[in-house]
Amino acid sequence: MVDRIRLTTLSTESISAVVLMRKSVCTTSLFRTLLLGLFLWGMQSTLLFADGAAEWLMTDLGQPLSKAEIERYEITIFPDGTNLPDGQGAAAQGKVLYQNQCAMCHGKSGIEGPAARLAGSDGWFSFEDPLRVLRIKEYPILLISVGSMWPYATTIFDYIRRAMPHHAPKSLHNDEAYALTAYILYMNDQLEESSTLDKQSILEITMPGKARSVSAKEQITNLVEQP
Amino acid sequence: MRKAFLKTAAGNGLLDRRSFLQSGIALSTSFSLGAFAAPVSDLNTAPNSSIAASFPEWMKTPGRADTEYGQPSIYEKQVQRHLQKSAPEASLFSIWHTPIENQRGIITPSGLHFTVNHNGIPDIDPQQHVLMIHGLVDKPLKFDVESLMRYPMVSVIHFLECAGNTATNAVSLSPLDQSAQELSGQMSGSEWAGIPLKYLLKETGLKANAKWVIAEGADGGSHSRSIPLDKLQDDAMVALYQNGERIRPSQGYPMRLFVPGWEGNLNVKWLHRLEVTDQPAYTKDESGLYSDILDDGRIQRFSFHMDVKSLITRPSGKQLLPEKKGFYEISGLAWSGYGKIKQVEVSADGGKTWAPAHLEGPILPKSLTRFTIPWRWNGSETVLLSRATDELGRVQPTRDQWRDQYASYSFNHYNGIQAWHIARDGIVENCYG
């Protein structure tokens, strides 16, 4: 027995679209009609799409996504606190976690690298640094830091929880992610070492990067449409 | 040689862009030298000998069998992607550059397409992969890969460029001696095929306050970006194919978001979740790494477009013009995230005079456009430049003009004019015009 490849078919709406088209296409066999119809329809879909008349191309193969499924994957934290989980962590706890799980890549004080710079100001490496040019060449990404540029502390929590430590993403508990967020804020003078962070207090942090922020989006939205 | 057709177009030997086409002269373009080096053999004219002696080995033996998946010639092994030094694989954040100076036409072979992997490349089983759309929609839905393959698809030719492409020229105080690949190889061109996102959003329906979409990948770092809904409704797609085959793992297999003309980082690979919202999430990459620092210290966010840009790929950095006073075809690439390329001008005298280059078809919106212009090099030191203009009238700035807008260490979205210094010994080197 030959293993046959299971062909994927078009959904019912698409098929009816093809059948509609048959009226204008004069061919002898149903098979050829369908083929030609499919071909023409493929060609026309772009045009119809551009005309905004895509209604008849509607398909319905999406399956309902349950509330439970959404909650499982909804890990994006918004600046207004949306999706922040319960839990809490202190900067002092974060310090221990940081030394054990983060310092080898981000440096003892979050500045040295080699991975992205977490603390300090942005800008060139010190002008007095004799190896300045060399350092910039080797690590251009270390020119910017979380402490100077990021506008919201919620992003620190979000990113640590989804992506760090780099070799074991998503391994930290919510409490640990709060503690590490607190410690990074402490390294940037945004929190006391004795402070604790949770889903309320994280919203009270005003990051230095926020006041400096300007959005290019306003300038470009009217350019999205082509002339 | 019918000299009459070699019309000068601008200073220092730039010829009319139609010269090659019209004259049909056998130009001694040094680049093609070598290609005609016929195998030298002693012609055996003795009456009883076979003709074998006249022919090279490969014309006297049956060739080898072909393979299931073809590979480039063994003599093209040097055409490889290049791993950016400042982001070694060891730090798990790798940036691979396309050898753009080896490319002709506007399509980059998929295996040479540039790739930036923030947390490595996952090998995703398509049978277990699902695309979820939820948030401010009427019906939250999930789509498996097999279902998506049944949707009507469109195919489009577009460039893709990393926001950090050519960053070295943006920030390095002195020009580094780098090749076009090393400087600007975070840019490639492909044919992408997939489902307009508009179709899927129509199926889920959208709430009136829906404005943004947070797109997320299924990689280790769950890469995520906030993208304005109007752009996604306009021309974005869930891409399943690249250059006629299913998207490769380093480009997002089994599917990626494709957002034409906008910075590479938004084109989320391994796409598995779209959360429709009324606000951006300020994800990691829109908080620091992919923003611009303006000259007054303000941080500009959400600068999505890749602006009009061009560079000469031949001759370019680390190459050598082997023949003094030779004829050369200058060739390069131009593109704009805003639309079609309208014109590319080339200067062979460091910007004193300019001539329009020939734009090779097809000229497509948000796509690489190939330009060429014939040039007779007189053997003296000079600087070659190219300057692109797009259909919106946006003109590629000089490096100084570009840098005036930004802090000295801001490196994203660089589109300054690329200058190549030609030394008298024919050495081509990156320079600052």
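Residues numbered from 1 in each chain as written. Chains lettered and ligands numbered in written order. Predicted model: local features only at pLDDT ≥ 70, side-chain atom pairs only at ≥ 80, totals over all residues. Heavy atoms only, no water.

Peer 1: Can you help me understand the overall build of chain A in this one?
Peer 2: Helix and strand content of chain A: eleven helices and four strands. Going through the 227 residues of chain A one by one, you find that 44% of them count as buried. Total accessible area on chain A stands at roughly 12700 Å², and carbon and sulfur atoms take up 58% of it. (Helix = DSSP H or I, 4+ residues; strand = E, 2+ residues; numbered from the N terminus. Buried < 20%, exposed > 50% of the residue type's maximum accessible area, 1.4 Å probe, protein only. Areas by Shrake-Rupley, 256 points an atom, 1.4 Å probe, with all protein chains shown as cover.)

Peer 1: Is there a simple way to explain the pairing of strand 26 (residues 428-431) of chain B in this structure?
Peer 2: On a regular strand, one side chain projects to one face of the sheet and the next to the other, so that they alternate. Residues and elements named next belong to chain B. Across four bridges, the pairing between strand 25 (residues 419-422) and strand 26 is antiparallel. By the bridge assignment for strand 26, A419 is matched with C431. The turn joining strand 25 and strand 26, which pair antiparallel and follow one another in sequence, is formed by five residues; a positive phi near 90 degrees is taken by G426. (Pairing = 2+ DSSP bridges.)

Peer 1: Even after reading the chapter, I still don't get the confidence of the model for chain A, so can you show me in this structure?
Peer 2: Detailed reading of the predicted model is not advised wherever pLDDT is low. Model confidence for chain A is summarised by a mean pLDDT of 76, while 60% of its residues fall at 70 or above. In this model, residues 11-37 of chain A is a region of pLDDT below 50 whose contacts with residues beyond four sequence positions or in other chains number 26 contacts. (pLDDT = per-residue confidence, 0-100. Contact = heavy atoms within 4.5 Å.)

Peer 1: Looking at this structure, how should I read the environment of A218 of chain B?
Peer 2: All names here are of chain B. Topologically, A218 is positioned in the loop between strand 10 (212-217) and strand 11 (224-228). Residue class for A218 comes out partly exposed when judged on its relative accessible area of 27%. In the structure, A218 is positioned 75 residues away from F143 in sequence and 14 Å away in space, judged by C-alpha atoms. Non-local contacts of A218, meaning those with residues more than four positions away in its chain, are made with P122, I124, H129, K269, W270 and H272.

Peer 1: Is there a simple way to think about empty space enclosed by the protein in this case?
Peer 2: Unoccupied space between atoms shows up once a probe the size of one water molecule is rolled over them. A complete count under the given rule lists four cavities of 30 Å³ or more for this structure. In terms of lining residues, the largest cavity is bounded by 17 residues, among which V116, R256, G264, N265 and K269 of chain B are the most central. Looking at side-chain class alone, the lining of the largest cavity contains seven nonpolar, seven polar and three charged residues. The volume enclosed by the second largest cavity comes to roughly 100 Å³. Lining the second largest cavity are D158, Y159 and R162 of chain A together with H118, N119, G221, S222, H223, S224, T283, K284 and D285 of chain B. Broken down by secondary-structure element, the contributors of at least two residues to the lining of the second largest cavity are helix 8 (153-163) of chain A together with helix 7 (284-287) of chain B. In terms of residue count, the dominant contributor to the lining of the second largest cavity is helix 8 of chain A (three residues). Grouping the amino acids of the lining of the second largest cavity by side-chain chemistry returns one nonpolar, seven polar and four charged. (1 Å grid on protein atoms, 1.4 Å probe; cavity = no way out; pocket = protein on both sides within 12 Å on 5 of 7 lines; lining within 4 Å. Points joined across faces, edges and corners; volume = space filled by probe spheres on them. Nonpolar A, V, L, I, M, F, W, Y, C, P; charged D, E, K, R; others polar.)

Peer 1: Looking at this structure, how should I read the packing of helix 4 (residues 91-101) of chain A against helix 9 (residues 174-187) of chain A?
Peer 2: Angle between the axes and distance between the axes are the two parameters that describe a pair of packed helices. Residue and element names in this part refer to chain A. Two elements in contact, helix 4 and helix 9, have axes whose closest approach is 7 Å; the angle formed by their N-to-C orientations is 95 degrees. Considering their axes alone, helix 4 and helix 9 lie roughly perpendicular with respect to each other. Residue-level inspection shows A91, Q93, G94, K95, L97, Y98 and Q99 of helix 4 in contact with helix 9, the latter providing E176, A179, L180, A182, Y183, Y186 and M187. (Axes fitted to C-alpha atoms, helices over the stretch in contact; angles between N-to-C directions. Parallel < 35°, antiparallel > 145°, perpendicular 65-115°, else oblique.)

Peer 1: Got a minute to help me understand the domain arrangement of chain B in this structure?
Peer 2: Accessible area lost upon the coming together of the parts serves often as the stated size of an interface. Residue and element names in this part refer to chain B. As far as domains go, chain B holds domain 1 (110-290) and domain 2 (309-431). Summarising the inter-unit geometry, the C-alpha centres of domain 1 and domain 2 are found 29 Å apart. Between domain 1 and domain 2, the contact holds 32 residues from the first and 29 residues from the second. For K309, the salt bridge identified is with E161, shortest N-O distance 2.8 Å. The tally of links between domain 1 and domain 2 comes to 17 residue pairs in polar contact (both at pLDDT 80 or more). (Domains from an automatic or database assignment. Salt bridge = Lys/Arg side-chain N within 4 Å of Asp/Glu carboxyl O. Polar contact = N/O pair within 3.5 Å; in protein donor to acceptor, adjacent residues only side chain to side chain.)

Peer 1: What exactly am I supposed to notice about the side chain of H113 of chain B here?
Peer 2: Residue and element names in this part refer to chain B. Turning to its location among the elements, H113 is positioned in the loop between strand 4 (94-97) and strand 5 (115-117). Judged by its relative accessible area of 0%, H113 is buried. Here H113 is in contact with R81, T98, T108, L160, S188, S190, W192, Q242 and Q251, once residues within four sequence places are set aside.

Peer 1: Is there a simple way to think about the state of the cysteines in this case?
Peer 2: Structurally, a disulfide amounts to a covalent bond that connects the sulfur atoms of two cysteines. All names here are of chain A. Across all of its chains, the model carries zero disulfides over all chains by this definition. C105 takes part in no disulfide bond, and the closest cysteine sulfur, belonging to C102, lies 8.7 Å away. Judged by relative accessible area, which is 34%, C105 ranks as partly exposed. (Disulfide = S-S within 2.5 Å.)

Peer 1: Please explain the sheet that holds strand 21 (residues 355-356) of chain B as it appears in this structure.
Peer 2: Strand pairing in a sheet relies on backbone hydrogen bonds, with the paired strands running either antiparallel or parallel. Here five strands make up an open sheet; going across it, the order is 21-20-24-25-26 (chain B) and the pairing antiparallel. Taken across any chain shown, the strands that pair with only one partner, and hence form the sheet edges, are strand 21 and strand 26 of chain B.

Peer 1: Any chance you could explain the packing of helix 8 of chain A against helix 9 of chain A here in plain terms?
Peer 2: All names here are of chain A. Axis separation between helix 8 and helix 9 bottoms out at 9 Å; the angle between their running directions is 130 degrees. By the criterion of interaxial angle, the relationship of helix 8 to helix 9 is oblique. Once helix 8 is placed against helix 9, the crossing between them reads as right-handed. In this structure, helix 8 uses A153, I156, F157, I160 and R161 to contact helix 9, whose residues at the interface are N174, A177, Y178, L180, T181, I184 and L185. For the contact of helix 8 with helix 9, the residue count by class is nine nonpolar, two polar and one charged. (Left-handed = near helix turned anticlockwise from the far one by under 90°.)

Peer 1: I keep staring at the packing of aromatic side chains and nothing clicks. Help me out?
Peer 2: For any pair of aromatic rings, the description consists of the separation of the ring centres together with the inter-plane angle of the planes. Under the definition given, this model contains 15 aromatic pairs over all chains. Between Y98 of chain A and Y183 of chain A, the ring centres sit 5.5 Å apart and the planes meet at 50 degrees, which makes this aromatic pair tilted. A residue pair is termed long-range when its members are at least 10 positions apart, and Y98 of chain A in helix 4 and Y183 of chain A in helix 9 qualify at 85 residues. Ring geometry for W402 of chain B versus Y414 of chain B: centroids 4.8 Å apart, planes at 75 degrees, classification edge-to-face. With a gap of twelve residues between them, W402 of chain B in helix 8 (residues 399-405) and Y414 of chain B in the loop between helix 8 and strand 25 connect regions that are remote in the sequence. Considered together, W402 of chain B and Y414 of chain B belong to a single accessibility category, that of buried residues. Ring pairs connect the aromatic residues Y152 of chain A together with W212, W262, Y282, F302 and F304 of chain B, which therefore count as one cluster. Positioned above the aromatic ring of Y241 of chain B is the side chain of R246 of chain B, whose terminal nitrogen or guanidinium carbon lies 5.8 Å from the ring centre. (Phe/Tyr/Trp six-rings, centres within 6.5 Å; stacked < 30°, edge-to-face > 60°. Lys NZ or Arg CZ within 6 Å of the ring centre and 35° of its normal.)

Peer 1: Explanation requested: helix 8 of chain A in the structure shown.
Peer 2: Residue pairs three or four apart in sequence face the same way in an α-helix, which turns once every 3.6 residues. Within helix 8 of chain A, eleven of the eleven residues are buried, leaving the element largely enclosed by the surrounding structure. Buried residues of helix 8 of chain A: A153, T154, T155, I156, F157, D158, Y159, I160, R161, R162 and A163 of chain A, and no others. Check the buried side of helix 8 of chain A and you find it contacts helix 7 (146-149) and helix 9 of chain A together with strand 10, strand 11 and helix 7 of chain B.

Peer 1: Please explain the pattern of salt bridges as it appears in this structure.
Peer 2: Between side chains of opposite charge, pairing is possible as soon as their charged atoms come close. Following the criterion strictly, the structure yields 24 salt bridges over all chains and no others. A salt bridge links D285 of chain B to K284 of chain B; the nearest nitrogen and oxygen atoms lie 2.8 Å apart. K284 of chain B shares its class with D285 of chain B; the two are buried. What you see here is one network of salt bridges that share partners, running through D158 and R162 of chain A together with E216, R273 and E275 of chain B.

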